[in-house]
Structure formats: C-alpha cells, structure tokens
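Spelled out from the first residue to the last, the chains are:
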Amino acid sequence: MKLRHCLPLAFAAAFTLSHAAENAEDAAARKALLELVPQAKIDTVEAAPLPGFRQVIVGSQMVYVSDDGKYMLQGTLYDAKSKRDLTASRLAVDHKRKVDAVPVSKRIVFAPPKPKYKITVFTDIDCGYCRKLHSQIAEYNKRGIEVDYLFYPRSGLNTPSFDKAVSVWCAKDRNAAFTAAKAGKAPTPAKCDNPVAEEYRLGQQVGVDGTPTIFAPDGTKIGGYLSPNEMLAKLEHLGTATLAGN
Amino acid sequence: MRLVFIVTGLLLAVVASAATPEDTVRQAMSTLAPKLRIDAVQESEIPGFYEAIAGGEFVYVTKDGRYVLDGNAYDVANRRDLTATARAKVRKDALEKIGPDKRIVFAPPAPMAPKHTVTVFTDVDCPFCRRFHQQIAEYNAKGIAVDYLFYPLSIHPGADKKAEAVWCSKDRPNAFTAAMAGKDPGNATCPNPISELTEFAKSLGIGGTPTVIADDGTQISSSIAMSPDRLAAELDRLAAASAAN
C-alpha cells in the first residue's frame, strides 16, 4: 500500500525536476519534433548556437527547431566564422557524457602503465577489424593509448555473438578470455550478471553503427579501425584541435 | 565623436544592404569549402535564411552569413519537406530556361495530346537510359511526352562524341533511337548544346542518368520512372497534389 503511493510520487518528482528548467521555446521544440516523429526519444532540448533556434538531441542525432516550433532543420550546422562543425562538436560532448558514465567496473581495460590517451572501443567478438585491432593491443598500449572495451554484439541481444560476450565477461580471467576469444577461440559458455545488454543499448544511444566504433577522450567518434600509428596521430591531432578550439 | 559613430553605422548599413544573397552565401561557403560550386541562391521559406545548392547539396545560410546548415528543412505544421519543395522549384525554374532547341522530344503521336511532360537527362552509353528509351512508345501511349537532355557522364568515355553525332544527324530522334539501341552514331560534329547541358545538370546537383524530372520540378525516383505504369500514376499524383495547393 505504502509502495503504491510512493511510486507515483517519485515519478512525479522526477518529472518535475527534469522539466523544471524547460521554457516555452523548449516546449515548442519538443512538441514540434514529436509532431513529425511521434516515437522520438528526446534526450536534451536547449538553446542552439543558431539564433532563434533550439537544438534537440534525439539518441545520437541532432535536429534544430525554430523557437516558435514552425520549422525543423536536420543536418550539419557550421559556424562559417570559426569553420567549426557545431553539430558534431555538441554531439561529441553528449557522447562523452554517456560513454564516461560507464564505470570502469563495466569495461574491459587494456592499459599501459601511464596512459596518455584513453579510447573507448565498442567491440564484437565476431568482427574482423575488432580482432585485428585487438591483435595489436600491445602496440596501442606501447604508444600510451589505453583501450577500454565495451561490448556491442552487432547481431543484437541473445544471439551467438551476444552469448560469447557474456561468456567472456563471466570468465574468471576476463582479459585473458577476451584476448583468447579475439584470437578465434570459442569462449567456455558461462553466465552471470553482466553489462552486455546495457552496453549494446548505450552503443545505439551514441550512434554506433558498426564495430569497432572508437570514441576519443573528448567524445569525438573516430570511426572504425586505425593502425596504432594512425590512432596515435589522430589522438594527437584531436588534442591540439581541442586546445585550439577553446 | 558621436557623429563618427553615426557615420560609421551608416556606412556599415550601406555595406550590409549592398551584399546580395549570392555574395552572402558565397562568402559564408568560401570559408568552409573554398572550391565548392554555388548555384541557385534564393530567399528561403524559413525566415532569416537564404538557401542555395552548394556542390550539389542544399544548404541554408543565415542572412548574416554566419551559420550554414547542410541538410533538410521541414515545415512542422504542414508536415512539408521544404528542401524537396525548394529543390523542385529550383529545377523547374532552371528547366524553363532550356528551350526546345536544346532538347530531343518524343511526344505522343497526334492526335493524342500529352498529359504530362518529363525531362530526362540521358547518356547514350548508360544501360538504364537505353532501357528507358526502349519503352518510349509505352510512355507516349500513356500520354507522357519525353524531352531528352544530353548528359554524357565522364565515366563513359566517348559518350560525349556519340551524343554530338546524334545531335548533328539529319533526323535527330531516329539517330537517337538507333544509338540507344547500340548502333554506332558515327562521328558528325556541329555546334551543339551538350557541354552547356552537362554544366547545367551539374549546377542542379544531378549526378547520374537517367534522371527524370516532372513538370513541377520533382525528381522522380528511378524505380518509379523505369516503369511506364508507375511513372504515369506518379505524374497523375503530382499533378493532383499541385492542383490542390
């Protein structure tokens, strides 16, 4: 009885909190987007850098809605003055927030002693380029790159690739089991509490559309496989670009 | 001192008003992609924006030239894809400037009057263009007049020469039909609109052949256009939709 009272209250409180900061423009943008895409799951509504517009983050995508809710723009927004891709840089911040929220206890980490960079790699046991990447893990580490793996079995939940990921997660020596599976050895079937489904859903939230999908420390989606040298060059470049951008 | 400010302000106002939409779009795009070709700059339906075709893509540029959006725009209340509409308008206006002297026309035979006219960008060496033309009698029988514009693609070396030979033959439609059936059109030369039409197609962001465009400027998907029945139905639907607006 008590519980039944409490739950709706908790929901109401959460609802009020998340909508407390919403103003008329945010509400109009939300309404406009739902008008066009009723099933859209809206993450964030906020003022856009484009004057007179809101920006709405939906999953891993961004749309811009005029403050009066009349027009919606979908695409990539550039600042012609600074030459910056404002859409990608805002989404990177959002992706970073979501990826960083995964605690280390839910990652499979391969790190050098003093990492200079940390990349997060969505991976699938059964993907060729994921295997290639992992076969060079010592080389990435040697270049100061820490590799944190999250599982993204492309075939989806409760498929053979998914089961392999769970088996690796539940092995006694997780990292060794991961490396063995990446070398093509079928993992010993095992089951336990695991974050695989949660990571798969996170992948969908941050626009993972294949594996490996690699995120830089600043949330930039680097994309797919890069050799250890290319990866280091990319990370160094992003590092300086971020400094220059600020 | 104050006067200086006012005068400066006036000068700025004059400078600002002197910038044409083209200047503004060009200036904004030049910082982002200096070599991109800009075509068809116009006032957008979205207040505060110009729209243009840049490198074949539709872009929206704020009137102050500061922001560029590469993508699509929608009218929320009416659920309209404004980019598709704007692209169609650009194509329609542009096509109206291409006279019959630059087209090869296959109209339904008299006394049948054409119900619809489509403009088709075509290439002698493109297999789907050939297949399209094999069905020309069927399109005509459904009341569809087909106006061809030559757009020989660079991936088909020599197709421009064949187009020229067709263009320069005595009986253009017959030479066209023969060439589309695989017959060598020879190598006649004469003044012709082919390079102009090629540039024209590029300026509209048309990247392939056959590209089929309806009277109202709508680009018809090739899966529809390749079927005379489906094309006729689609043209009826478009005509009804524009009559309703």
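Please read these numbers as outputs of a predicted model, since none were measured by experiment.

Across its full length, chain B holds 10 helices and 10 strands. In terms of its C-alpha atoms, chain B occupies a principal-axis envelope of roughly 80 × 45 × 30 Å. Classification of the 245 residues of chain B by burial places 46% in the buried group. For chain B, long-range pairs separated by at least 24 residues make up 64% of all intrachain contacts whose partners lie at least 6 apart in sequence. Total accessible area on chain B is roughly 12,600 Å²; 57% of this is exposed by carbon and sulfur atoms. Side-chain charges in chain B split into 27 positive and 29 negative, and the spacing between the mean points of these groups amounts to 1 Å.

What follows deals with the overall build of chain A. The helix and strand tally for chain A stands at nine helices and 10 strands. Split into buried and exposed, the 246 residues of chain A put 44% on the buried side.

Here the focus is the state of the cysteines. Applying the stated criterion across every chain yields a total of four disulfides over all chains. Between the sulfur atoms of Cys127(A) and its disulfide mate Cys130(A) the distance is 2.1 Å. Taking the sign of the S-S torsion, 90 degrees for the link of Cys127(A) and Cys130(A), the bridge is right-handed. Neither residue differs from the other here; Cys127(A) and Cys130(A) are each classed as buried. Each disulfide pairs two cysteine sulfurs, and for Cys126(B) the partner residue is Cys129(B), the sulfurs being separated by 2.3 Å. Disulfide Cys126(B)-Cys129(B): torsion about the S-S bond near 90 degrees, hence right-handed.

All names here are of chain B. Pairing geometry for strand β1 (residues 38-43) and strand β2 (residues 49-54), over four bridges, is antiparallel. When the sheet's bridge partners are listed, Asp39 is paired in β2 with Ile53. Hairpin connection from β1 to β2: five residues lie between these consecutive antiparallel strands, with Gly48 at a positive phi of about 90 degrees.

Turning our attention to the sheet that holds strand β7 (residues 117-123) of chain A. All names here are of chain A. The strand order across the open sheet formed by five strands is β6-β8-β7-β9-β10, and the pairing between neighbours is mixed. Lying at the two open borders of the sheet, with one neighbouring strand each, are β6 (108-110) and β10 (221-223). When strand polarity is set aside, the average angle formed by the axes of neighbouring strands in this sheet is 25 degrees. Of the strand pairs in this sheet, β7 and strand β8 (residues 145-151) are connected by seven bridges, and their pairing is parallel. Bridge pairing links Val121 to Tyr149 in β8.

Taken together, the contact pairs 23 residues of chain A with 24 residues of chain B. For the pair chain A and chain B, the summed buried surface comes to about 2,000 Å²; carbon and sulfur atoms form 64% of the total. Applying the counting rule to chain A against chain B returns one salt bridge. For Asp79(A), the salt bridge goes to Arg66(B), with nearest N and O atoms at 2.7 Å. Taken together, the links from chain A to chain B amount to 10 residue pairs in polar contact (both at pLDDT 80 or more).

Moving on to the nonpolar core. Counting residues in hydrophobic clusters, the biggest one holds 35 residues, and the most contacted among them are Leu73(A), Ile46(B) and Phe121(B). Counting residues per element, this core draws most heavily on helix α3 (residues 82-96) of chain B, which supplies five residues. Leave out the neighbours within four places in its chain, and Ile46(B) touches Phe53(A), Tyr71(A), Leu73(A), Tyr60(B), Ala73(B) and Leu82(B).

Once that is clear, we can look at the confidence of the model for chain A. Looking at chain A, pLDDT values average 88 and 89% of them are 70 or higher. The low-confidence segment residues 1-18 of chain A (pLDDT under 50) makes zero contacts with residues lying over four places distant or belonging to another chain.

Helix-helix packing is characterised by the crossing angle of the two axes and by the distance between the axes. Residues and elements named next belong to chain B. Contact pair helix α4 (residues 127-134) / helix α7 (residues 172-180): the axes reach a minimum separation of 9 Å and the direction vectors enclose 125 degrees. Taken together, the axis directions place α4 and α7 in an arrangement best described as oblique. Here the hand of the crossing between α4 and α7 comes out left-handed. Within the contact between the two elements, α4 uses Cys129, Arg130 and His133 and α7 uses Phe176, Thr177, Ala179 and Met180.

Another point: the sheet that holds strand β10 (residues 219-220) of chain B. Residue and element names in this part refer to chain B. As summarised here, the arrangement of the five strands in space is β6-β8-β7-β9-β10, forming an open sheet in which the pairing is mixed. Looking along the sheet, the strands with just one partner apiece sit at the ends: β6 (104-106) and β10. Pairing of strand β7 (residues 116-122) with strand β9 (residues 211-213), which is carried by three bridges, proceeds in the antiparallel orientation. Across the sheet, residue Val120 finds its bridge partner in β9, namely Val212. Of the strands in this sheet, β6, β7 and β8 (144-150) touch α7, which is tilted by about 85 degrees from β6.

Here we come to the packing of aromatic side chains. In the structure shown here, the tally under the stated rule is 18 aromatic pairs over all chains. Measuring from ring centre to ring centre gives 5.7 Å for Phe106(B) and Tyr148(B), while their planes differ by 80 degrees; the resulting arrangement is edge-to-face. With Phe106(B) in strand β6 and Tyr148(B) in strand β8, this residue pair connects regions lying 42 residues apart in the sequence. Just as Phe106(B) is buried, Tyr148(B) falls in that class too. For the ring pair Phe132(B) and Tyr139(B), a centre distance of 4.4 Å and an interplane angle of 20 degrees mean the geometry is stacked. For Tyr139(B), a relative accessible area of 0% puts it in the buried group. Three or more aromatic residues joined by ring pairs form one cluster here, namely Phe106(B), Phe132(B), Tyr139(B), Tyr148(B), Phe150(B) and Phe176(B). Taking NZ or CZ as reference, Arg174(A) lies 3.5 Å from the ring centre of Trp169(A), over its face.

Cut-offs used in this document
Residues numbered from 1 in each chain as written. Chains lettered and ligands numbered in written order. Predicted model: local features only at pLDDT ≥ 70, side-chain atom pairs only at ≥ 80, totals over all residues. Heavy atoms only, no water. Helix = DSSP H or I, 4+ residues; strand = E, 2+ residues; numbered from the N terminus. Buried < 20%, exposed > 50% of the residue type's maximum accessible area, 1.4 Å probe, protein only. Contact = heavy atoms within 4.5 Å. Areas by Shrake-Rupley, 256 points an atom, 1.4 Å probe, with all protein chains shown as cover. Lys, Arg positive; Asp, Glu negative; His and termini not counted. Charge placed at Lys NZ, Arg CZ, Asp CG, Glu CD. Disulfide = S-S within 2.5 Å. Pairing = 2+ DSSP bridges. Axes fitted to C-alpha atoms, helices over the stretch in contact; angles between N-to-C directions. Buried area = accessible area lost by both parts, 1.4 Å probe. Salt bridge = Lys/Arg side-chain N within 4 Å of Asp/Glu carboxyl O. Polar contact = N/O pair within 3.5 Å; in protein donor to acceptor, adjacent residues only side chain to side chain. Core = buried A, V, L, I, M, F, W, Y, C linked by side-chain atoms within 4.5 Å. pLDDT = per-residue confidence, 0-100. Parallel < 35°, antiparallel > 145°, perpendicular 65-115°, else oblique. Left-handed = near helix turned anticlockwise from the far one by under 90°. Phe/Tyr/Trp six-rings, centres within 6.5 Å; stacked < 30°, edge-to-face > 60°. Lys NZ or Arg CZ within 6 Å of the ring centre and 35° of its normal.

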